[in-house]
Amino acid sequence: MNKLGIRTVRDLIGYFPRAYEDRTAAKNIEDLTLGETVCIRAMAAESPKLSHIRSGLDLVKFRAVDETGSIDITYFNQSYIKDAIKQGEEYIFYGKVDGTLLQHTMANPLYELASTAGAATGRIVPVYSLTAGLSQKSMMNTVRNALDKYGDALPDYLPESVIEQNNLCSARNAYENIHFPLDSICLGMARQRLVFEELFTIAAAMKLMRSNRASKAGRILDIPDFNEFYDTLEFNLTNAQKRAIDDAARDMSSGRPMNRLIQGDVGSGKTLIAAACCWDAWYGGCQSAFMAPTEILAKQHYNSLSDLLEPLDMHVGLLTGSMTPKQKQDVYQKLSSGEIDLIIGTHALLSEGVRFSNLALVITDEQHRFGVQQRATLTEKGDSPHVLVMSATPIPRTLALIIYGDLDVSVIDEMPPGRKPVETFIVDERYRRRINDFIEKLVGEGRQVFIICPMVEEGETSPDDLKSAEEYYDSLANYVFPNLRVALVHGKMPTKEKDAAMALFSSGQADILVATTVVEIGVDVPNAALMIVENADRFGLSQLHQLRGRVGRGRHASYCVLFSGAAGETSRERLEIMRKTNDGFIIAEEDLKIRGPGDFFGSRQHGLPELRIANLASDMAVLRQAQDAADRVLAADPLLSSDENRNLMDQIAHLFEINAEKLN
Ligand code: ADP
Ligand code: MG
């Protein structure tokens with residue numbers, strides 16, 4: 001059970017069945033149809049006979065009857081059945097109907113004595129996800145015991161008023177029926193309650209964080225005249241960009257700490273919004289910190305933001321894990337003295353040594369890779385600084401409501417002018433030659449090409465995979481395109497080599513960049529016009545969309561080629577969505593439908609508790625209901641400090657694995 005994450009009775013009772021077997025249907029023998037799985041109530045018409053069919057195969061067989069007919073029942077390698085089943089006794093058998101139309105049989109059915117039946121037959125039975133050494137039966141019995149002994153002691157942490165207003169059943173009832181449903185209606189009510197409870201708790205936690213922050217004073221930054229900044233740019237901002245900047249500037253002048261999410265598809269120009277906000281903070285005499293998920297991205301942001309902001313007299317710094325202690329010390333010193341106005345970095349920004357003289361704005365890029373706690377660690381380095389979160393991952397609304405429930409949102413729904421949709425092709429090996437020719441042709445025209453192989457991922461350490469990325473690169477560089485300049489970058493490379501490869505590619509000194517998904521997010525090389533993805537089936541659609549977003553950023557017509565070996569209908573159908581639309585939100589919705597929210601929620605990267613029962617694709621209505629309820633509770637008791645809400649507060653702290661203090 002420990003392997004399943006079950007350590008306490010609370011864990012056990014909260015370990016919900018993954019499915020149910022409906023063993024309520026009982027039939028007369030004459031009504032049975034071949035292939036169905038049912039219960040029958042029948043008497044053993046004879047004593048079971050044991051025979052050894054061959055070595056290693058024992059068979060117990062007997063005939064059972066009811067008023068309507070007879071059936072042959074057999075058990076393989078369960079010779080104890082011979083003595084367990086008594087002639088003349090009535091049993092409930094549950095199993096699959098087999099045999100012929102003339103004589104039905106049932107092999108290895110579950111059975112219970114009819115007079116005492118009800119535990120394993122004649123009811124809806126839970127099916128748990130198990131691990132080696134644990135059987136359904138022992139799991140079921142353990143849960144049964146736990147509920148019998150401790151069920152009445154279960155705390156109900158939903159406030160009374162919430163239970164009433166939303167017509168929910170009691171916690172005791174819900175836990176009983178989610179494991180051992182009396183019937184499908186009770187199961188439905190139990191599920192409703194538990195889904196509600198789960199979503200409500202997260203919603204309440206998010207709102208609690210929000211009201212904690214809203215109770216704090218934010219640094220007031222007067223809204224500057226942004227034209228001073230805009231005038232230095234080579235292009236005009238889109239209206240969506242301006243709107244987002246205005247939203248943020250208004251937040252930062254409001255006297256409350258800003259908490260805003262900028263959500264925009266790849267290529268919508270979020271970096272510029274970040275730049276404008278940093279400039280705003282600097283204008284008010286304050287420092288900003290900008291945290292990116294990878295070194296490559298941090299450096300790229302550093303380059304583009306220093307290009308934009310240094311001419312305006314701002315001092316921009318960079319801090320990454322791969323810098324020498326001496327370099328880091330130097331940055332620390334300049335941060336605490338206030339010499340650096342904007343620091344861009346990776347997780348290194350969270351280190352102990354990082355102290356600011358006057359931090360007023362924290363920006364995180366691609367936020368779902370950072371946990372709630374990490375965001376908190378960075379903001380603690382300032383005095384309730386403003387927070388701006390940028391996400392390029394179009395997250396379906398359902399998920400956004402949960403993951404970003406504590407943030408205000410600006411949506412960038414407009415692309416910079418002149419963007420052409422990336423033409424997308426799904427091909428198999430038969431097209432290899434043609435695609436290779438196409439690569440040569442595009443490079444001949446001065447364009448650059450990404451080739452993605454799905455091997456070495458960040459955080460993965462399989463030496464075989466490592467080899468395959470490098471081998472793949474070797475064959476491309478030496479045999480397939482000996483005349484082209486090919487570079488390689490993957491997550492497991494030393495940072496120096498990574499940088500060198502990226503620099504070669506972005507400066508145009510390499511024609512082809514062979515890469516793993518380290519380029520998935522953020523990388524901006526406008527001259528790249530072709531994205532090739534090997535084994536595209538292995539990627540999620542949203543991930544493919546991010547990859548495709550690496551091209552089509554410049555003036556050139558751009559293409560995306562997805563190599564797919566899989567013949568399977570569904571994987572083909574899945575990739576077809578990529579061909580049909582360039583809209584990241586549609587793609588993300590499809591992804592959620594096909595793959596479920598596991599990708600977002602399984603990893604726990606965002607610091608939210610795992611969803612144990614709610615399904616974000618189908619429980620949208622409950623989510624709304626839960627959010628409304630949380631709104632009402634938090635409106636009445638913004639810090640959840642009343643007695644009625646004590647259990648709820650405990651549960652939030654438990655779920656988020658942090659003490660209540662930290663939520664503030
Ligand atoms: P993302 O939203 O994916 O982070 P970026 O900020 O990297 O997008 O911007 C993508 C590209 O578009 C960059 O090369 C950037 O310079 C350019 N860009 C941003 N805003 C505009 C605009 N208003 N007009 C033209 N190009 C823009
Ligand atoms: Mg970006």
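Parameters and conventions
- Residues numbered from 1 in each chain as written.
- Chains lettered and ligands numbered in written order.
- Predicted model: local features only at pLDDT ≥ 70, side-chain atom pairs only at ≥ 80, totals over all residues.
- Heavy atoms only, no water.
- Helix = DSSP H or I, 4+ residues; strand = E, 2+ residues; numbered from the N terminus.
- Buried < 20%, exposed > 50% of the residue type's maximum accessible area, 1.4 Å probe, protein only.
- Contact = heavy atoms within 4.5 Å.
- Pairing = 2+ DSSP bridges.
- Axes fitted to C-alpha atoms, helices over the stretch in contact; angles between N-to-C directions.
- Parallel < 35°, antiparallel > 145°, perpendicular 65-115°, else oblique.
- Left-handed = near helix turned anticlockwise from the far one by under 90°.
- Nonpolar A, V, L, I, M, F, W, Y, C, P; charged D, E, K, R; others polar.
- Patch = residues over 30% accessible without salt bridge, like charges linked within 9 Å, V, L, I, M, F, W, Y side chains within 5 Å.
- Areas by Shrake-Rupley, 256 points an atom, 1.4 Å probe, with all protein chains shown as cover.
- Salt bridge = Lys/Arg side-chain N within 4 Å of Asp/Glu carboxyl O.
- Lys, Arg positive; Asp, Glu negative; His and termini not counted.
- Charge placed at Lys NZ, Arg CZ, Asp CG, Glu CD.
- Near = heavy atom within 4 Å.
- Polar contact = N/O pair within 3.5 Å; in protein donor to acceptor, adjacent residues only side chain to side chain.
- Phe/Tyr/Trp six-rings, centres within 6.5 Å; stacked < 30°, edge-to-face > 60°.
- Lys NZ or Arg CZ within 6 Å of the ring centre and 35° of its normal.

Caption draft 1: View of the overall build of the protein chain. Helix and strand counts for the protein chain come out as 22 helices and 23 strands. Per-residue burial over the protein chain gives 53% buried out of 664 residues. Pairs at least 24 apart in sequence give 74% of the contacts found in the protein chain among residues at least 6 apart.

Caption draft 2: Structural context of the environment of Leu 639. Topologically, Leu 639 is positioned in the loop between helix H21 (620-636) and helix H22 (646-655). For Leu 639, a relative accessible area of 41% corresponds to the partly exposed category. Remark: the alpha-carbon pair of Leu 639 and Ser 211, spanning 428 residues in sequence, is separated by 7.0 Å. Here Leu 639 is in contact with Leu 208, Ser 211, Asn 212 and Met 649, once residues within four sequence places are set aside.

Caption draft 3: Structural detail: unusual backbone geometry. Positive phi outside glycine occurs at Asp 313, with the angle close to 85°. With respect to the element layout, Asp 313 can be found in the loop between helix H10 (295-309) and strand S13 (316-319). Although it is not a glycine, Ser 384 sits at a positive phi angle of roughly 45°. Tracing the backbone through its elements, the reader meets Ser 384 in the loop between helix H12 (372-379) and strand S16 (386-391).

Caption draft 4: Structural detail: the pairing of strand S6 (residues 69-76). Direction of pairing for strand S5 (residues 57-66) relative to S6: antiparallel, over a ladder of 8 bridges. By the bridge assignment for S6, Ala 64 is matched with Ile 71. Joining the antiparallel neighbours S5 and S6 is a turn of 2 residues. Pairing analysis gives 3 bridges linking S6 to strand S8 (residues 104-107), with the strands arranged parallel. The residue bridging Thr 74 from the neighbouring strand is Ala 107, located in S8.

Caption draft 5: Representation of the packing of helix H9 (residues 270-283) against H10 within the structure. Their axes nearest at 10 Å, the elements H9 and H10 cross at an angle of 55°. Accordingly, the angle class assigned to the pair H9 and H10 is oblique. Judged by the twist between their axes, the crossing of H9 over H10 is right-handed. Residues Thr 271, Leu 272, Ala 275, Cys 278 and Trp 279 of H9 touch H10, and the partners they reach there are His 301, Ser 304, Leu 305, Leu 308 and Leu 309. Residue classes in the contact of H9 with H10 are distributed as 7 nonpolar, 3 polar and no charged.

Caption draft 6: Region of interest: a negative patch on the surface. Taken together, the side chains of Glu 470, Glu 471, Asp 474 and Glu 497 present a region of like negative charge at the surface. Ranked by residue count, the leading element in the negative patch is helix H15 (residues 463-480), at 3 residues. Along the chain, Glu 470 turns up in helix H15.

Caption draft 7: Layout of the sheet that holds strand S18 (residues 423-427). Reading across the sheet, the 6 strands line up as S18-S23-S22-S19-S21-S20 and stay open at both edges, with parallel pairing between neighbours. Because the sheet does not close on itself, it has two edges, and the strands there are S18 and strand S20 (486-489). Each strand axis lies, on average, 15° off the axis of its neighbour in the sheet, ignoring direction. In this structure, S20 lies alongside strand S21 (residues 512-515), joined through 4 bridges in parallel fashion. Residue pairing across strands places Val 486 opposite Ile 512, the latter belonging to S21.

Caption draft 8: Inspection of the sheet that holds strand S15 (residues 359-365) at higher detail. Read from one edge of the open sheet, 7 strands run S13-S14-S12-S15-S16-S11-S17, paired in parallel fashion. Lying at the two open borders of the sheet, with one neighbouring strand each, are S13 and strand S17 (408-412). Direction aside, the axes of adjacent strands within the sheet are offset by 20° on average. The pairing of strand S11 (residues 259-264) with S17 spans 5 bridges and is parallel. Bridging across to S17, Gln 263 finds its partner in Val 411.

Caption draft 9: Just the site of ligand 1, in detail. If you check the shell around ligand 1, you find 16 residues, and the closest are Gly 267, Lys 270, Thr 271, Arg 419 and Asp 524. Backbone polar atom of Asn 236 to a nitrogen atom of ligand 1: 2.9 Å apart, as the coordinates give it. Bound to the protein, ligand 1 loses 83% of the 570 Å² it would expose on its own. Classifying every residue of the shell around ligand 1 gives 4 nonpolar, 7 polar and 5 charged.

Caption draft 10: Seen up close, the packing of aromatic side chains. As enumerated under the stated definition, the model contains 14 aromatic pairs in all. Between the aromatic rings of Phe 226 and Tyr 230, the centroid separation amounts to 5.9 Å while the plane-to-plane angle is 20°, which identifies the pairing as stacked. The exposure class assigned to Phe 226 is buried, which follows from its relative accessible area of 7%. Among the aromatic residues, ring-to-ring pairing joins Phe 62, Tyr 75, Tyr 91, Phe 93 and Tyr 111 into one connected group. Seen from the ring of Phe 563, Arg 432 lies directly overhead, with NZ or CZ sitting 3.8 Å from the centre.

Caption draft 11: Structural detail: the pattern of salt bridges. Summed over all chains, the structure comprises 29 salt bridges. A salt bridge links Asp 72 to Arg 63; its shortest N-O distance comes to 3.0 Å. On the basis of relative accessible area, Asp 72 is assigned to the buried category, the value being 10%. Among the salt bridges present, the one from Glu 198 reaches Arg 612, with a minimum N-O distance of 4.0 Å. Residue Glu 198 is found in helix H6 (residues 184-214), and its partner Arg 612 is found in the loop between helix H20 (598-601) and H21; the two are separated by 414 residues along the sequence. Using a relative accessible area of 44% as the deciding quantity, one classes Arg 612 as partly exposed. A cluster of three or more residues bridged by salt bridges with shared partners is formed by Arg 144, Asp 148, Asp 152, Arg 172 and Glu 176.

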